[in-house]
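# A look at the structure
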Protein chains: 2
Amino acid sequence: MAKKYVDINTLKYLLYDVYQLEEVLNQGRFDDHDISSMNLFLDSVKDFSDRELYPYFKEMDEHPAHYKDGGVEVHKQVGVMMKQGGEMGFISGPFDYEEGGLQLPMMLYTASSFIQEAANNHLTGYTGLTLGAAELIINFASQELKDTYVPKMLSGDWGGTMCLTEPQAGSSLSDITTKAIPQSDGSYKISGQKIFISGGDHQYADNIVHLVLARIEGAPAGTKGISLFVVPKKRPDEDGNLVSNDVTTVADFQKMGQRGYCTTHLGFGDAGECRGYLVGEANKGLKYMFLMMNGARIAVGRGGAAIATAAYHASLEYAKERPQGRKLASTGKKDPEEGQTFIINHPDVRRMLLFQKTVSEGSLGLVLLASKYYDLKHTLTDKNEKEKYGLLLELIIPMVKTYPSEMGAQSVSNGLQVLGGYGFCTDFILQQYHRDIRIFSIYEGTTGIQSQDLLGRKLLLQDGKALQLLTEEIKQTINSALKYDDLKIYAGKLGDKLQEASRVIQHLIGFAKKGDYERFLSDATPFMEYLSTITLSWIWLEMAANAKNALVTGKKTYSEEFYESKIHSMKFYFKYELPKTNGLAEVLQNEEVLTIAGEKEVFN
Amino acid sequence: MAKKYVDINTLKYLLYDVYQLEEVLNQGRFDDHDISSMNLFLDSVKDFSDRELYPYFKEMDEHPAHYKDGGVEVHKQVGVMMKQGGEMGFISGPFDYEEGGLQLPMMLYTASSFIQEAANNHLTGYTGLTLGAAELIINFASQELKDTYVPKMLSGDWGGTMCLTEPQAGSSLSDITTKAIPQSDGSYKISGQKIFISGGDHQYADNIVHLVLARIEGAPAGTKGISLFVVPKKRPDEDGNLVSNDVTTVADFQKMGQRGYCTTHLGFGDAGECRGYLVGEANKGLKYMFLMMNGARIAVGRGGAAIATAAYHASLEYAKERPQGRKLASTGKKDPEEGQTFIINHPDVRRMLLFQKTVSEGSLGLVLLASKYYDLKHTLTDKNEKEKYGLLLELIIPMVKTYPSEMGAQSVSNGLQVLGGYGFCTDFILQQYHRDIRIFSIYEGTTGIQSQDLLGRKLLLQDGKALQLLTEEIKQTINSALKYDDLKIYAGKLGDKLQEASRVIQHLIGFAKKGDYERFLSDATPFMEYLSTITLSWIWLEMAANAKNALVTGKKTYSEEFYESKIHSMKFYFKYELPKTNGLAEVLQNEEVLTIAGEKEVFN
């Protein structure tokens, strides 16, 4: 295990300097907080992560969660995470005081979870999903349901889950068949199967509160007939005692990675005795669930960014300490009499490390930016401003979920490569990051689904207003960068890319206008890569402009080298990553139709 | 497990139709073979793989090779592979009759091993490395060593290994320190440690013959002082009885993938009793080893291609059988009353599958082509022709090793994505392919090292003659394709790329001419991706031109759809993959220096 898994300076720099948490703290909701209290919180999270999360990371992989005697057995740190994390506010943090929360900004919650996840990505899901489930109850359920379930969930005594996926439906939620039959007491009898339920069962929660999508008997077909229910593992009887609610743990899926994080198959009502309690109105379940989805998708992107970050530090540490080979002399030869150099001095190793650095830090910037939009959307009072940040959030959210997952996985793979043969061995941690991060492109809507959301829904929002807003934000950064002579060339490149993107998007939207939606969306995934890469270039230019400003004005919180390294990283991203969009632009404007199913069999 | 792991038609099409094994069989060495005997051999290999390799593939992952009581315990199929594989010629195949071989062309040996590896990549290394070790003895060692070791190796009774890597040296072979001290009987006393020794010990070989690089006392520093030794685990005593040779199994590395293929740490001469026998002349060890390296690198590329192929068939099968979601109507909506469609009908899934298909079949084409060059180099009698194919082989070999490994890994990852959440679960096989293939970018010289070989050595061979020869070959394909109206546009694209490549290469070589070798090679890896992608486009254009010819002339061995699918795949590769070179060309011609170590610390 490496000594370092996160660079707190970079996190704070992005949080305070580049993305200005202060602007969020200025909103009334956060009156009790200031930078210094936020710093104290983050430092305590770092201490906790050093002590209770990071040391158990490898062990949790080696001793995976598993099914045993009708339940799931997980590592003991799950209990520590739920109870101590509960006390520290990992579950309640963002909620209102009156709900038992700390009224923390999402930006701070993201930063805090990012540290925890970089330390141990197998544990944050247990608290995170409990938070998500509680959030649905707080926002949409009756006072009685709130009183019964929320306090125990926020304290970490009870867990929470989201039950969407069913074996026959997968990502196609319109096909779910879990059934709810109204009972005379106002509850519903629930029956069905749910799979891939993260944190679905374990020995460290006295109860688990499932938020279940189901179809009330007679409801319309498709997504319009889906309702949301609270379905606890144990329900309170008339005397308030917890009794079994006929929720069965059928199995625990064994996975390639995130093996400490259980993934259960649950059966509801096998004995006809499972009760569910409707959340809000009937047939609005999917709408409620999706109102919470932005938070869930920020969380996935954050996890990808966190694993990529931890992997970067592990590779960097190895590269600084491992002597091997020699530098090339001007003859093109090496002198064997000369001592070996550290591998960090080989250009190809530096290239891989800079790739890791730019992907991981850029991804962190992206999730913090989304969290800021989230905070502003939820706390601003001016209607136009509120709408503006809401639209910006909607537009970037599919990229926030996807870029850190997809490119994070590539950067971890590069990190493994830095270690050569050792990277493939279980004694070293890179192989675990490589396995763990692979699920992030699948969680909460696969890359394909996010890409269709980006191109098919978000770009078209309010006739393209979201895109127009994003373009304006990017242009502001370009203008800041243009102030500095040595950033001008990069600002210019990004400006050119914006113009190219506009042409690409017009071309694609042409198909939608003609009613050819299948064709419009057929290259949504390359489009995702295209727009995300441009967006990350913007994140890096913003960081570089901010760093340059600190160097020029002398208002420095960190060392000169720190700021210089951010500018260097931006240049790296513009040299090595941004040009990928050249090819993607060509792909997206190529008129050939090759991936739409036709009469001919193209797979032999 | 999927029903199919390889498409024998595609293999035979590439072998016989596109790359014309017949041209090789026409050489005198292969007089006893014809297409029909080759077909019989391949069919028997497929039967064997169906029966003895594929059914144990998952099991070998679940019960990995491991250290026990001073040795390594492996799965029982290792014994079957060595003994039955030995009988079938998997070890002796390519050798001369007089050495106990079958005089099989490398093309056929590659095709045969490809089938085995697609079935189970954990087993082919045991026979493959035994072949490699025997080849070194046959080519360079004394008759006595040959007589003592080779027959038992070819039969599979004894195993063979290559011992290069040492803990402190890694890829830097000039730093190896294993010592050899001359003894009065002509043997050497060997002492040192070797790591990452594939197939280094197991219970199914009566003896293991290690080919060890070591330094004779007093030898010059660096690579010029390295000699090659036969160091058996057990050596024959004066009476011909096998006695221990003081080779210790220190450990078996536990790995993320290829867990059935042992990777040992060996100690030589811990008790001062280890004897080695010099192969050929002193201080020429590295030269001998590298003369065998082309075969080893073809083998790695072949393995990458094989895993990518098996993963493709597994994903394809899943996509054809899994119903989920609906096709988009012209309204952009979906009708929930309509039945679900199979996921293969979703454009994004088809895109991923076509990516898998083009990478895996293209990679197979590349390794077969390299094998053909190998055969022609070794069997042609005309000096110029021999040299020509030798140069072509040298030039493409780093790409043959790298492209199937790097892009194969990406294609397997796409294959996992096709299965969604199931792809991440150990019940499905994609996650195993994902873990297994990751080592191929590291084996036998990492991607970074291959890339430096390509740009720094192979492009400069005989003043660029190899590159000129390759360009001529590509132009021939372009000319064939230009004959068909509907291939003209692709032929034109590849022609343009050749011109662009020429400019890119001139730009890079400019640095070498100025003596700035570090800069010349600093972007060798992006250059590898650049030239490989162009090379694969050539492979695909050749396949398409050949398919078109079959359709036009009616000389068809396979169905019309088969040929059409090859043309369709070529179009896919040209639309989605070739444009990546646009960005890479920009990267390679960008003058900024960002990855060469300087005074400033760029990693904070």
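These numbers come from a predicted model, not from an experiment. (Residues numbered from 1 in each chain as written. Chains lettered and ligands numbered in written order. Predicted model: local features only at pLDDT ≥ 70, side-chain atom pairs only at ≥ 80, totals over all residues. Heavy atoms only, no water.)

### Focus: the packing of aromatic side chains
Taken as a whole and judged by the stated rule, the model has 46 aromatic pairs over all chains. Considering the side-chain rings of Y13 of chain B and Y563 of chain B, the 5.8 Å spacing of their centres and the 80° angle between planes classify their relative orientation as edge-to-face. Within this pair, whereas Y13 of chain B is found in helix 1 (residues 8-18), its partner Y563 of chain B is found in helix 19 (residues 560-577), the two being separated by 550 residues in sequence. Judged on exposure class, the residue Y13 of chain B and its partner Y563 of chain B are both buried. Cluster of aromatic residues (ring-pair linked, three or more members): F196 and F253 of chain A together with Y318, Y422 and F428 of chain B. For the cation-ring pair, K566 of chain A lies above F562 of chain A, with the distance from its terminal atom to the ring centre recorded as 4.6 Å. (Phe/Tyr/Trp six-rings, centres within 6.5 Å; stacked < 30°, edge-to-face > 60°. Helix = DSSP H or I, 4+ residues; strand = E, 2+ residues; numbered from the N terminus. Buried < 20%, exposed > 50% of the residue type's maximum accessible area, 1.4 Å probe, protein only. Lys NZ or Arg CZ within 6 Å of the ring centre and 35° of its normal.)

### Focus: the relation of the copies chain B and chain A
There are two copies of the chain, and a rotation about an axis plus a shift along that axis relates them. In the superposition of chain B on chain A (RMSD 0.0 Å, axial shift 0.0 Å), the rotation amounts to 180°. Given the turn and translation reported, the copies of this chain are related as if by a two-fold rotation axis. Taken as a fraction of all interface residues of chain B, those also at the interface in chain A reach 100%, which identifies the copy contact as same-surface. (Least-squares fit on C-alpha atoms with pLDDT ≥ 70 in both. Contact = heavy atoms within 4.5 Å.)

### Comments concerning the domain arrangement of chain A
Residue and element names in this part refer to chain A. What the domain assignment lists for chain A is domain 1 (32-291) and domain 2 (293-323 + 342-589). Relative to domain 2, the C-alpha centre of domain 1 lies at a distance of 29 Å. Contact with domain 1, which involves 28 residues of that partner, is made by 32 residues of domain 2. Contact between domain 1 and domain 2 buries roughly 2,500 Å² in total, counting both sides, with carbon and sulfur atoms accounting for 61%. The three residues of domain 1 that bury the most area against domain 2 are M106, M107 and F114, which together make up 25% of that side's buried surface. For R302, the salt bridge goes to E117, with nearest N and O atoms at 2.8 Å. In this assembly, domain 1 and domain 2 are joined by 15 residue pairs in polar contact (both at pLDDT 80 or more). Those elements that place two or more of their residues in the side of domain 1 that touches domain 2 are helix 4 (57-62), helix 6 (106-119) and helix 9 (285-291). (Domains from an automatic or database assignment. Buried area = accessible area lost by both parts, 1.4 Å probe. Salt bridge = Lys/Arg side-chain N within 4 Å of Asp/Glu carboxyl O. Polar contact = N/O pair within 3.5 Å; in protein donor to acceptor, adjacent residues only side chain to side chain.)

### So, the interface of chain B and chain A
Of the residues lining the interface, 104 residues belong to chain B; the matching set on chain A comes to 104 residues. The junction of chain B with chain A conceals about 9,300 Å² of combined surface from both sides, 56% of it contributed by carbon and sulfur atoms. Sorting the residues of chain B by area buried against chain A places F424, F603 and N604 of chain B first, and these three jointly supply 10% of that buried surface. Joining chain B to chain A, the criterion identifies three salt bridges. Across the pair K575 of chain B and D523 of chain A runs a salt bridge, and its minimum N-O distance is 3.3 Å. Where chain B packs against chain A, one counts 29 residue pairs in polar contact (both at pLDDT 80 or more). Class assignment of the residues belonging to the side of chain B that touches chain A gives a composition of 37 nonpolar, 39 polar and 28 charged. (Nonpolar A, V, L, I, M, F, W, Y, C, P; charged D, E, K, R; others polar.)

### Re the pairing of strand 7 (residues 227-232) of chain A
Looking along a regular strand, one sees the side chains alternate between the two faces of the sheet. All names here are of chain A. Extensive coverage of strand 7 is indicated by the burial of six of its six residues. Side chains S227, F229 and V231 project from strand 7 onto one buried face, and the interleaved L228, V230 and P232 project onto a second face that is buried too. Note that strand 6 (residues 207-216) and strand 7 share six bridges and pair antiparallel. When the sheet's bridge partners are listed, L211 is paired in strand 7 with V230. As judged from the two bridges shared by strand 7 and strand 12 (residues 275-278), these two strands associate in the antiparallel manner. (Pairing = 2+ DSSP bridges.)

### Observations concerning the nonpolar core
By size, the foremost hydrophobic cluster in this structure holds 396 residues, and its most contacted members are Y433 and F527 of chain A together with Y433 and F527 of chain B. Excluding residues that lie within four positions of it along the chain, F527 of chain B makes contacts with L454, L455, L459, V504, I505, L508 and L588 of chain B. (Core = buried A, V, L, I, M, F, W, Y, C linked by side-chain atoms within 4.5 Å.)

### Re the environment of I343 of chain B
All names here are of chain B. Take I343: it is sitting in the loop between helix 10 (293-321) and helix 11 (347-379). Residues I343 and K224 lie 119 residues apart in sequence; the distance between their C-alpha atoms is 58 Å. With residues near it in sequence (within four places) discarded, I343 still touches Y318, A319, R322, Q324, V349 and V418.

### Notes on helix 11 of chain B
An α-helical segment advances 3.6 residues per turn. Residues three or four places apart therefore align on the same side. For helix 11 of chain B, with 33 residues, the first-to-last C-alpha span of 47 Å sits near the 48 Å given by 1.5 Å per residue. The buried count for helix 11 of chain B comes to 31 of 33 residues, which makes it a mostly enclosed element. (Expected span 1.5 Å × (residues − 1).)

### A word on the pairing of strand 6 (residues 207-216) of chain B
All names here are of chain B. By the criterion of burial, strand 6 is predominantly enclosed, with 10 of the 10 residues buried. The side-chain alternation of strand 6 yields two buried faces, one formed by N207, V209, L211, L213 and R215 and the other by I208, H210, V212, A214 and I216. Where strand 3 (residues 158-163) and strand 6 come together, six bridges link them in parallel fashion. For G160, the partnering residue across the bridge sits in strand 6 and is V209. Both strand 4 (residues 179-182) and strand 6 contribute to a ladder of two bridges, which runs parallel. In the strand pairing of strand 6, K179 is matched with R215.

### Some thoughts on the UniProt feature "domain: Acyl-CoA oxidase/dehydrogenase middle" (unreviewed entry) in chain A
Listed under "domain: Acyl-CoA oxidase/dehydrogenase middle" (unreviewed entry) in the UniProt record, and renumbered for this structure, are residues 162-269 of chain A. Here residues 162-269 of chain A is 0% helix and 47% strand, with 17 Å between the C-alpha atoms at its ends. (UniProt positions renumbered as here; feature names shortened; annotations may be inferred.)

### Observations concerning the packing of helix 5 (residues 77-88) of chain B against helix 7 (residues 124-140) of chain B
Residues and elements named next belong to chain B. The geometry of helix 5 relative to helix 7 is characterised by a closest axis approach of 9 Å and an angle of 40° between their N-to-C directions. Taken together, the axis directions place helix 5 and helix 7 in an arrangement best described as oblique. By crossing handedness, the relation of helix 5 to helix 7 is classed as right-handed. When helix 5 is examined against helix 7, the residues V78, M81 and M82 are found in contact with a partner set consisting of T124, Y126, T127 and T130. Broken down by class, the residue content of the contact of helix 5 with helix 7 amounts to four nonpolar, three polar and no charged. (Axes fitted to C-alpha atoms, helices over the stretch in contact; angles between N-to-C directions. Parallel < 35°, antiparallel > 145°, perpendicular 65-115°, else oblique. Left-handed = near helix turned anticlockwise from the far one by under 90°.)

### Observations concerning the side chain of T477 of chain B
Residue and element names in this part refer to chain B. Secondary-structure assignment places T477 in helix 15 (residues 465-482). Note on T477: relative accessible area 3%, which makes it buried. Ignoring anything within four residues of it in the chain, the contact list for T477 reads W538, L541 and E542.

### Some points on the pattern of salt bridges
Scanning the model with the defined rule gives 65 salt bridges over all chains in all. Across the salt bridge formed by R435 of chain A and D61 of chain A, the nearest N and O atoms sit 2.8 Å from each other. In this pair, R435 of chain A sits in helix 13 (residues 430-437) while D61 of chain A sits in helix 4, placing the two residues 374 residues apart along the sequence. D61 of chain A sits in the buried class, given a relative accessible area of 8%. A salt bridge links D61 of chain B to R259 of chain B; its shortest N-O distance comes to 3.4 Å. Pair noted here: D61 of chain B is in helix 4 (residues 57-62) and R259 of chain B is in the loop between strand 10 (247-252) and strand 11 (263-268), with a separation of 198 residues, a long-range link. Since its relative accessible area comes to 25%, R259 of chain B is described here as partly exposed.

### Remarks on unusual backbone geometry
Residues and elements named next belong to chain B. With phi around 45°, Q20 is a residue other than glycine that occupies positive phi space. Examined against the element boundaries, Q20 turns out to sit in the loop between helix 1 and helix 2 (21-25). You can call Q20 partly exposed: its relative accessible area is 32%. With phi around 55°, E444 is a residue other than glycine that occupies positive phi space. For E444, a relative accessible area of 30% gives the class partly exposed.

### Notes on the state of the cysteines
In this structure the tally under the stated criterion is zero disulfides over all chains. Free of any disulfide, C274 of chain A has its nearest cysteine sulfur in C163 of chain A, 10 Å distant. C425 of chain B carries a free sulfur, and the closest cysteine sulfur to it, the one in C262 of chain A, is 13 Å from it. C425 of chain B gets classed as buried once you look at its relative accessible area, which sits at 3%. (Disulfide = S-S within 2.5 Å.)

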